[in-house]
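What the coordinates show
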Number of protein chains: 2
Amino acid sequence: MTGDTVVEEKEISQAVIGRLPRYLRYLGELKDEGIERVSSQELSEIMQVTASQIRQDLNTFGGFGQQGYGYNVNFLHEEIRKILGLDKAHRLILVGAGNLGQALVNYTNFERRGFLFCGVFDKDPKVCGKEIRGLLVRPMEEMDSFVRKNGIDIAVLAIPKSSAVEVAGQLAACGIRGIWNFAHVDLKVPAHIQVENVHLSDSLMKLSYNLSSAVYEG
Amino acid sequence: MTGDTVVEEKEISQAVIGRLPRYLRYLGELKDEGIERVSSQELSEIMQVTASQIRQDLNTFGGFGQQGYGYNVNFLHEEIRKILGLDKAHRLILVGAGNLGQALVNYTNFERRGFLFCGVFDKDPKVCGKEIRGLLVRPMEEMDSFVRKNGIDIAVLAIPKSSAVEVAGQLAACGIRGIWNFAHVDLKVPAHIQVENVHLSDSLMKLSYNLSSAVYEG
């Protein structure tokens, strides 16, 4: 246990980063229940991971825990929020106003985390002019100037793979910093643009694998 | 390179399994283009992973590749399909007929992979009786008997976290084998039920982390 309070973001492995949102979720629930401190043993029981894994993950960021006291729930929650960049708001556009896109814009949890949808774009003239949660659906031609004028940093792609590569290129050209990609294709964008993929088919195939190997085993 | 043709599913690590859908996607595209064989070097270039990673991953299943010939695209595609259990059809129900649920039922790619939606359930009486892609939305009370009578093996949960735990319990009781969970909560179900989570918020937080660490680095 060190006395460090400065967080060195660069040293954290992607594996630990991938686990942080889950810590944040459980700590948020403890916070909502008014619980002020929690031991790694208690966290271990509710999260169903080993206490040593928890200590190892959380010690990456310096001395959040104290022997005999455990973790301060509020403090740890706030530190993980900062590490994940959730202390700053992000401005998003949605590209593709189909069912999936509408579901994403309507999901209030994202807003609560600081992800604000500011504009919606679609190439279908029949959809343009409609409103989704108070946001006008605009034609693709307006995307470039909208992104530049409104300080948009993240674009959410909920469009078919056939058009995703082209649209990603347009987004790169107008200075977007991050793409949350639901199209089932790997985007090729300049290295300074961060891409996070949600490949739903891949997830379903993993489930299928686990179902068929469960049969073989049992 | 061994002469094994029998695939030993149990020995494959989850990390390799997680990469198989992506191999399948690229091999499917090569197949569609009429390409019959591909070297690990060529695959490496289009998939942007190292050739040695590809050889290591694909050799896990025995001798698919041959020195100087490369991989037979059709054969490798078919073998990966079998490993992922995609040679058998799965029968699905959707629970939660909101925007996200509708998007999932309407996504024809899943059907093409053998995932057939057979029924839709919702607790909202105003939604029950409507149709989504020809499927009647039924009340939750009919879920148990529907699952039993129609040989449903996978339930897709597109409902809020507040009701997901209870519904998962009901699904466990009526003999479901797999749950594809979009609710932002960890389900506690018996170990023989396979759960695959799609936690969209977690994915967005990873993007947020990468955006803020890109700022620090650059």
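Residues numbered from 1 in each chain as written. Chains lettered and ligands numbered in written order. Predicted model: local features only at pLDDT ≥ 70, side-chain atom pairs only at ≥ 80, totals over all residues. Heavy atoms only, no water.

Looking now at the interface of chain A and chain B. Of the residues lining the interface, 63 residues belong to chain A; the matching set on chain B comes to 63 residues. Counting the surface lost from both chain A and chain B, the interface buries some 5900 Å², and carbon and sulfur atoms represent 60% of this. The three residues of chain A that bury the most area against chain B are L204, M205 and Y209 of chain A, which together make up 13% of that side's buried surface. Counting the contacts that link chain A with chain B gives eight salt bridges. Its salt-bridge partner being E196 of chain A, residue K206 of chain B comes within 3.8 Å of it at the nearest N-O pair. Scanning the region where chain A abuts chain B turns up 22 residue pairs in polar contact (both at pLDDT 80 or more). Secondary-structure elements contributing two or more residues to the side of chain A that touches chain B are α1 (14–32), α5 (99–106), α6 (108–112), β9 (178–181), β10 (194–197) and α9 (200–217) of chain A. (Contact = heavy atoms within 4.5 Å. Buried area = accessible area lost by both parts, 1.4 Å probe. Salt bridge = Lys/Arg side-chain N within 4 Å of Asp/Glu carboxyl O. Polar contact = N/O pair within 3.5 Å; in protein donor to acceptor, adjacent residues only side chain to side chain. Helix = DSSP H or I, 4+ residues; strand = E, 2+ residues; numbered from the N terminus.)

Locating K188 of chain B in the fold gives a position in the loop between β9 (178–181) and β10 (194–197). Those residues in contact with K188 of chain B, other than ones at most four positions away along the chain, are I46 and Q48 of chain A.

All names here are of chain A. Summed over all chains, the structure comprises eight aromatic pairs over all chains. With centroids separated by 5.5 Å and ring planes inclined at 85°, the aromatic side chains of F110 and W180 adopt a geometry described as edge-to-face. Residue F110 is located in helix α6, and its partner W180 is located in strand β9; the two are separated by 70 residues in the primary sequence. The same class applies to F110 as to W180, namely buried. (Phe/Tyr/Trp six-rings, centres within 6.5 Å; stacked < 30°, edge-to-face > 60°. Buried < 20%, exposed > 50% of the residue type's maximum accessible area, 1.4 Å probe, protein only.)

This paragraph deals with the relation of the copies chain A and chain B. By a simple turn and slide, chain A fits onto chain B: the slide is 0.0 Å along the axis, the RMSD is 0.0 Å, and the turn is 180°. These values place the two chain copies in the arrangement generated by a two-fold rotation axis. A share of 100% of the interface residues of chain A reappears at the interface of chain B, consistent with the copies meeting face to face through the same patch. (Least-squares fit on C-alpha atoms with pLDDT ≥ 70 in both.)

Let us look at the side chain of R113 of chain A. Relative to the helices and strands, R113 of chain A resides in the loop between α6 and β5 (115–122). Among residues more than four places away in sequence, those in contact with R113 of chain A are L24 and L86 of chain A together with M205 of chain B.

Residues and elements named next belong to chain A. Positive phi outside glycine occurs at R133, with the angle close to 50°. Here R133 lies in the loop between β6 (131–132) and β7 (135–139). By relative accessible area, which is 36% here, R133 ends up partly exposed.

Our focus in this paragraph is the sheet that holds strand β5 (residues 115–122) of chain B. Residues and elements named next belong to chain B. With mixed pairing, the seven strands of this open sheet are ordered in space as β6-β7-β5-β4-β8-β9-β10. Each edge of the open sheet carries a strand with a single partner, namely β6 (131–132) and β10. Relative to β9, strand β8 (residues 154–157) is paired through four bridges, and the arrangement is parallel. Paired with L157 across the two strands is N181, which belongs to β9. On the sheet, helix α8 (residues 161–173) packs against β4 (90–95), β8 and β9 and is oriented at approximately 170° with respect to β8. (Pairing = 2+ DSSP bridges. Axes fitted to C-alpha atoms, helices over the stretch in contact; angles between N-to-C directions.)

Relative to the helices and strands, H77 of chain B is located in helix α4 (residues 73–83). Residue contacts for H77 of chain B: discarding those within four places in its chain leaves L24, L27, G28 and K31 of chain B.

By way of backbone hydrogen bonds, the strands of a sheet pair with one another, either parallel or antiparallel. All names here are of chain A. Read across the open sheet, the seven strands follow the order β6-β7-β5-β4-β8-β9-β10; overall the sheet is mixed. Either end of the sheet is taken by a strand with one partner, and the two such strands are β6 and β10. Both strand β4 (residues 90–95) and strand β8 (residues 154–157) contribute to a ladder of four bridges, which runs parallel. Residue pairing for β8: V95 is matched across the bridge by L157. Along the sheet, helix α8 (residues 161–173) makes contact with β4, β8 and β9, crossing β8 at roughly 170°.

Residue and element names in this part refer to chain A. Of the residues in chain A, 90% reach a pLDDT of 70 or more, and the chain-wide mean stands at 89. Taken together, the stretch residues 1–10 has pLDDT below 50 and engages in 15 contacts with residues farther than four places along the chain or on a different chain. The ipTM for the predicted assembly is 0.88, set against a pTM of 0.88. (pLDDT = per-residue confidence, 0-100.)

Another point: the packing of α1 of chain A against helix α3 (residues 51–59) of chain A. All names here are of chain A. At a minimum axis separation of 11 Å, α1 and α3 run at an interaxial angle of 105°. Taken together, the axes of α1 and α3 are roughly perpendicular relative to one another. Contacts from V16, R19 and Y23 in α1 reach Q53, I54, D57 and L58 in α3. Of the residues belonging to the contact of α1 with α3, the class tally is four nonpolar, one polar and two charged. (Parallel < 35°, antiparallel > 145°, perpendicular 65-115°, else oblique. Nonpolar A, V, L, I, M, F, W, Y, C, P; charged D, E, K, R; others polar.)

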